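# Fold and geometry: a report
Listed below, chain by chain, are the residues.
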Amino acid sequence: MKKPELLIPAGSLEVLKTAVNFGADAVYIGGEAFGLRAKAKNFGKEEMGEGIRFAHEHGVKVHVTANILAHNGDLAGAEKYLEELKVLKPDALIIADPGIFAVARRVCPEIDIHISTQANNTNYETFRFWHGQGAKRVVSARELSLAEIKEIRENIPDDLEIESFIHGAMCISYSGRCLLSSYFTGRDANQGACTHPCRWKYTVMEEKRPGEFFPVYENERGTYIFNSKDLCMIEHIPEMMAAGIDSFKIEGRMKTALYVATVARTYRKAIDDYLESEEKYRENMEWYKAEISKCTYRQFTTGFYFGKPDEETQIYDSNTYVNEYIYLGTVEGTDGKGRAKISQRNKFCVGDEIEIMRPDGRNTGTKVLSLKTEEGETVESAPHPKQALFVGMTERAGTGDILRMKNG
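Thresholds, definitions, all that
Residues numbered from 1 in each chain as written. Predicted model: local features only at pLDDT ≥ 70, side-chain atom pairs only at ≥ 80, totals over all residues. Heavy atoms only, no water. Core = buried A, V, L, I, M, F, W, Y, C linked by side-chain atoms within 4.5 Å. Buried < 20%, exposed > 50% of the residue type's maximum accessible area, 1.4 Å probe, protein only. Helix = DSSP H or I, 4+ residues; strand = E, 2+ residues; numbered from the N terminus. Contact = heavy atoms within 4.5 Å. Polar contact = N/O pair within 3.5 Å; in protein donor to acceptor, adjacent residues only side chain to side chain. Pairing = 2+ DSSP bridges. Axes fitted to C-alpha atoms, helices over the stretch in contact; angles between N-to-C directions. Parallel < 35°, antiparallel > 145°, perpendicular 65-115°, else oblique. Nonpolar A, V, L, I, M, F, W, Y, C, P; charged D, E, K, R; others polar. Phe/Tyr/Trp six-rings, centres within 6.5 Å; stacked < 30°, edge-to-face > 60°. Right-handed = clockwise from strand over helix to strand, strands pointing away.

## Points about the nonpolar core
Counting 90 residues, the largest nonpolar core has Ile29, Met48, Leu93, Ile237 and Tyr267 as the members making the most contacts within it. With 11 residues, helix 9 (residues 257-276) is the largest single contributor of residues to this core. Leaving out residues up to four positions away in the same chain, Met48 has contacts with Ile29, Gly30, Gly31, Phe43, Val64, Tyr81, Leu85 and Leu88. Among the nonpolar cores identified, the runner-up in size contains 17 residues, and Val331, Phe348, Leu403 and Met405 belong to it.

So, in structure tokens, the structure goes:
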């Protein structure tokens, strides 16, 4: 059985390195323009070059998003941007707009092009069309069932790859074509500036009673009628592979290093276990489910893969995430005394019981014995985000390990 690619999101250089260390076969990133996550940190030219070099040194591919739906005024800038990417040599470009596609084919024909889910790829004739234009891969729309994807696989050339989402947030609109953000805030989702108004609380107004707003009560907090659960297919790796999907994509270019490490490591182990034997995969299912629940999420669903979602796929009583663990920092190295150096991300204190999350799948409980600043000052707590600290613990951590703490 063909081994699928595990494709992990990265919104910063730190997260890219985390994805590589925790099991990604490929990462997808955005530059400072022409991608659909304008609020993500994204990559400047120098950072992108460093990220591509780091990934390639570890045998990991890099795909760069250029998937806005372009207006006339975007085209000149897009051409210049693609000329810069030509020099940086990513493995693929993720594109939705036919105009941007045409520019990319002209400027950097040597770089593979993947067609974004934003292009609404819902049938095998669409896949064939893009193959005829020279696309290497097409990302399936989230609205497809596994049966439909399997039918697409049976009706397209063998050398055309299928990429499908396996985990992450679901959009309430058809493959991301939402106008709510643009209408309410003037920030266009199709230009990368979505404000996620689908997570807001809504009331109903009857046409002939203007100004009279009727709350749709689910509980005392109101209702969140557009708030989808998150996709999670960790229990369905066999079905995803049987459908003929070449790349399993995780959503989340605005997520933290802890989120990325958690999903990458869990899906890496699940895929590898299944390829070794289905029995091993089934035996380790409870571990996968426990681990995947340790990253921030909004309850889980299988999306459209087994048919149209029903009322159970929505969350009506809350717009909040489940957040079981807090990200403390990624180990950048150790000093002569074995203390782990981190750039601290959330407050913790001497005496706290925390956990070392290792790329090989182990989670090691440990106690914080000491905290020192770069200047050598001993402190009792770490209240300042991004402060460089040396953390003494009862267990040693290695470079690339992640420190996390149970929330509450």
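## With respect to unusual backbone geometry
Phi is positive for Lys89, close to 60 degrees, though the residue is something other than glycine. Along the polypeptide, Lys89 turns up in the loop between helix 3 (75-88) and strand 4 (92-95). By relative accessible area, Lys89 is classed as exposed at 59%. Positive phi outside glycine occurs at Asn120, with the angle close to 60 degrees. Its place among the elements puts Asn120 in the loop between strand 5 (112-115) and helix 5 (124-133).

## Describing the side chain of Ser247
Here Ser247 shows up in strand 11 (residues 247-250). There is a polar contact of 2.7 Å between the side chain of Ser247 and the side chain of Glu5. Apart from the residues within four sequence positions on either side, Ser247 is in contact with Glu5, Leu7, Arg137, Ile162, Glu163 and Ser164.

## Brief notes about the pairing of strand 16 (residues 353-357)
For strand 16, a buried count of four out of five residues is recorded, marking the element as mostly surrounded by other parts of the structure. As judged from the five bridges shared by strand 16 and strand 17 (residues 363-373), these two strands associate in the antiparallel manner. Within strand 17, the position partnered with Ile356 by the bridge is Thr364. Hairpin remark: strand 16 followed by strand 17, antiparallel, with five residues in the connecting loop; positive phi at Gly361, about 105 degrees.

## Some remarks on the packing of helix 1 (residues 13-21) against helix 2 (residues 45-57)
Taken N-terminus to C-terminus, the directions of helix 1 and helix 2 make an angle of 10 degrees; their axes are 10 Å apart at the nearest point. As the angle between them shows, helix 1 and helix 2 are arranged roughly parallel. Across the interface between the two elements, Leu13, Leu16, Lys17, Val20 and Asn21 of helix 1 pack against Glu47, Glu50, Gly51, Phe54 and Ala55 of helix 2. Across the contact of helix 1 with helix 2, the residue classes tally to five nonpolar, two polar and three charged.

## A word on the packing of aromatic side chains
Each aromatic ring pair is specified by the distance between its two centres and by the angle formed by the two planes. Counted according to the given criterion, the structure contains five aromatic pairs. Ring geometry for Phe101 and Trp130: centres 5.1 Å apart, planes at 55 degrees, overall tilted. Taken together, the residues span a long stretch of sequence, with Phe101 in helix 4 (residues 98-107) and Trp130 in helix 5 at a distance of 29 residues. Trp130 shares its class with Phe101; the two are buried. Residues Tyr274 and Tyr281 carry aromatic rings whose centres are separated by 5.5 Å and whose planes lie at 70 degrees to one another, so their mutual orientation is edge-to-face. Taking the relative accessible area as the measure of exposure, Tyr274 reaches 13% and is therefore buried.

## Observations regarding the pairing of strand 2 (residues 26-30)
Burial analysis of strand 2 places five of its five residues in the buried class, which makes it a mostly covered element. Residues Ala26, Tyr28 and Gly30 line one face of strand 2 and the alternating positions Val27 and Ile29 line the opposite face, and both faces are buried. Sheet analysis places strand 1 (residues 5-9) next to strand 2, joined by three bridges and oriented parallel. In the strand pairing of strand 2, Ile8 is matched with Val27. Read as a crossover between parallel neighbours, the route from strand 1 over helix 1 to strand 2 is right-handed. Looking at chain direction, strand 2 and strand 3 (residues 61-65) are connected through five bridges and run parallel. Its bridge partner lying in strand 3, Ala26 is registered against Lys61.

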